[in-house]
Amino acid sequence: MTIQLNGATRLYFVVGHPIKQVKSPDGVTRELMAKGLNAIVPPADVHPDHFSNFIETSKAMLNVDGLIVTVPHKISALDCCNQVTERAKFIGAVNTIRRCPEGWEGDMLDGKGMVQAILEKGIQLEGKRAILAGAGGAGKAIAYELLISGVSELAIFDVDSNRQEQLVSHLSQLNLGKVVAHDNDPTGYDVIVNATPMGMNGDPSAAFQLEKMTSEMSVADVVTNPEHTPFVTHALSLGCTAVVGTEMFVKVRDLMVDFLLEHEGEKYDAA
């Protein structure tokens, strides 16, 4: 499949700082091409000090149809949108932005992608007890979707106790499953989810007490490099069902493309 690059090419920037680690430019470009679009996803390394200006400048570039937002901009991107979905508003972050009549519209799809990957592995969530490490942007999104999916209890662990308590309080407003602050002991939980960078790029550490894990548990990890972090490697050695970060990434990628292109047919029909 050959990438087109001409005056009619549509742009969907992926913006972050740093940016060299992201996989979206190739994966999302190929998905857009597979759907028949003349479009590419170029990376944009934008310092936080200039992020809001970049968003406004992109809006003025009429061949830019959307943006994919990665660290550290997901939270600040919310305020740069003219409108956001109810999910993004509750989570307080955005990772995908598309054009709308008002300007930019944003959604947060990390959590939905993780839950889709979990369910596809045959891991049951409804009525189960889950524990999540990480109360940052990805952690908030995954926690929200776990509760929407019907877990009976969600424990939140974060080394920043203030951030941990704030997320527990915020999630409790959903009035869905029980939400509690917890340490990193997974004992008694059915689904164990890592939403921290621990284990990335050769880091030998893990967010949870691995010696407390058992074969009955199911695990999921957001880290994509390496695919098998110490957390996932240990879980697999026990016989646990495991979702790796690359499996989550595929689901998030597909959701981002669907969101970006949801109104494309209407646009072309109107033209």
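Look above for the structure.
Position numbers for residues start from 1 in each chain and track the written sequence from start to end. Note on the predicted model: pLDDT of at least 70 is required for a residue's local features to be given, and 80 or more for side-chain atom pairs to be given and counted; whole-chain, interface and lining totals, by contrast, use all residues. Note: side-chain values were computed over all heavy atoms of the structure, leaving out hydrogens and water.

**What about the layout of surface pockets?**
In this approach a probe as big as a water molecule rolls over the atoms, and the regions it shows empty are the leftover space.
Right, on to step 1. Cavity and pocket criteria rest on a 1 Å grid covering protein atoms alone: a 1.4 Å probe that fits but cannot get out defines a cavity, protein on both sides within 12 Å along at least 5 of 7 lines defines an open pocket, and an atom within 4 Å of a point defines a lining residue. Grid points are joined across faces, edges and corners, and a volume is the space filled by probe spheres set on the points. Of the pockets and cavities examined, the largest pocket occupies roughly 1100 Å³.
Right, on to step 2. Along the wall of the largest pocket there are 41 residues; nearest its centre are T70, V71, K74, M200 and V222.
Right, on to step 3. Looking at the lining of the largest pocket, the elements with two or more residues in it are strand 4 (64–69), helix 6 (137–148) and helix 9 (245–261).
Right, on to step 4. Strands here are runs of E lasting at least two residues and helices are runs of H or I lasting at least four, both read from the DSSP assignment and numbered beginning at the N terminus. Among the elements that take part in the lining of the largest pocket, helix 9 stands out by supplying five residues, more than any other.
Right, on to step 5. The class makeup of the residues in the lining of the largest pocket is 22 nonpolar, 14 polar and five charged. Any residue outside Ala, Val, Leu, Ile, Met, Phe, Trp, Tyr, Cys, Pro, Asp, Glu, Lys and Arg is labelled polar, Gly included; the first ten of those are nonpolar and the last four are charged.

**Brief notes about the packing of helix 5 (residues 110–120) against helix 9**
Right, on to step 1. Between helix 5 and helix 9, the least distance of the axes is 8 Å, while the angle of their chain directions is 125°. In terms of their interaxial angle, helix 5 and helix 9 are classed as oblique. Relative to helix 9, the crossing made by helix 5 is right-handed. Where helix 5 abuts helix 9, its residues D110, K112, G113, M114, Q116, A117 and E120 lie against E247, M248, K251, V252 and L255.
Right, on to step 2. Its residues assigned to classes, the contact of helix 5 with helix 9 shows five nonpolar, two polar and five charged. Angles run from 0 to 180 degrees between N-to-C directions of axes, and those axes are lines fitted to C-alpha atoms, restricted for helices to the stretch in contact. By definition in this entry, angles of less than 35 degrees are roughly parallel, angles greater than 145 are roughly antiparallel, angles of 65 to 115 are roughly perpendicular, and the rest are oblique. If you view the pair so one helix is near and one far, a crossing is left-handed when the near helix is turned anticlockwise from the far one by less than a right angle, and right-handed when it is turned clockwise. Only heavy atoms enter the contact rule, under which two residues are in contact if any of them lie within 4.5 Å.

**With respect to the sheet that holds strand 11 (residues 191–194)**
Paired through backbone hydrogen bonds, the strands of a sheet run either parallel or antiparallel to each other.
Right, on to step 1. Here, a strand pair is defined by DSSP locating no fewer than two bridges between the strands. Taken together, the six strands give an open sheet; going across it, the order is 10-9-8-11-12-13, and neighbouring strands pair in parallel fashion. Strands with a single pairing partner mark the edges of an open sheet, and in this sheet they are strand 10 (178–181) and strand 13 (241–243). When the angles between neighbouring strand axes are averaged without regard to direction, this sheet yields 15°.
Right, on to step 2. Pairing of strand 11 with strand 12 (residues 218–221) involves four bridges; the strand directions are parallel. Note that in strand 12 the partner of V191 across the bridge is S218.
Right, on to step 3. Where helix 6 meets the sheet, its contacts fall on strand 8 (129–133), strand 9 (153–157), strand 10 and strand 11, and the angle it forms with strand 9 comes to roughly 170°.

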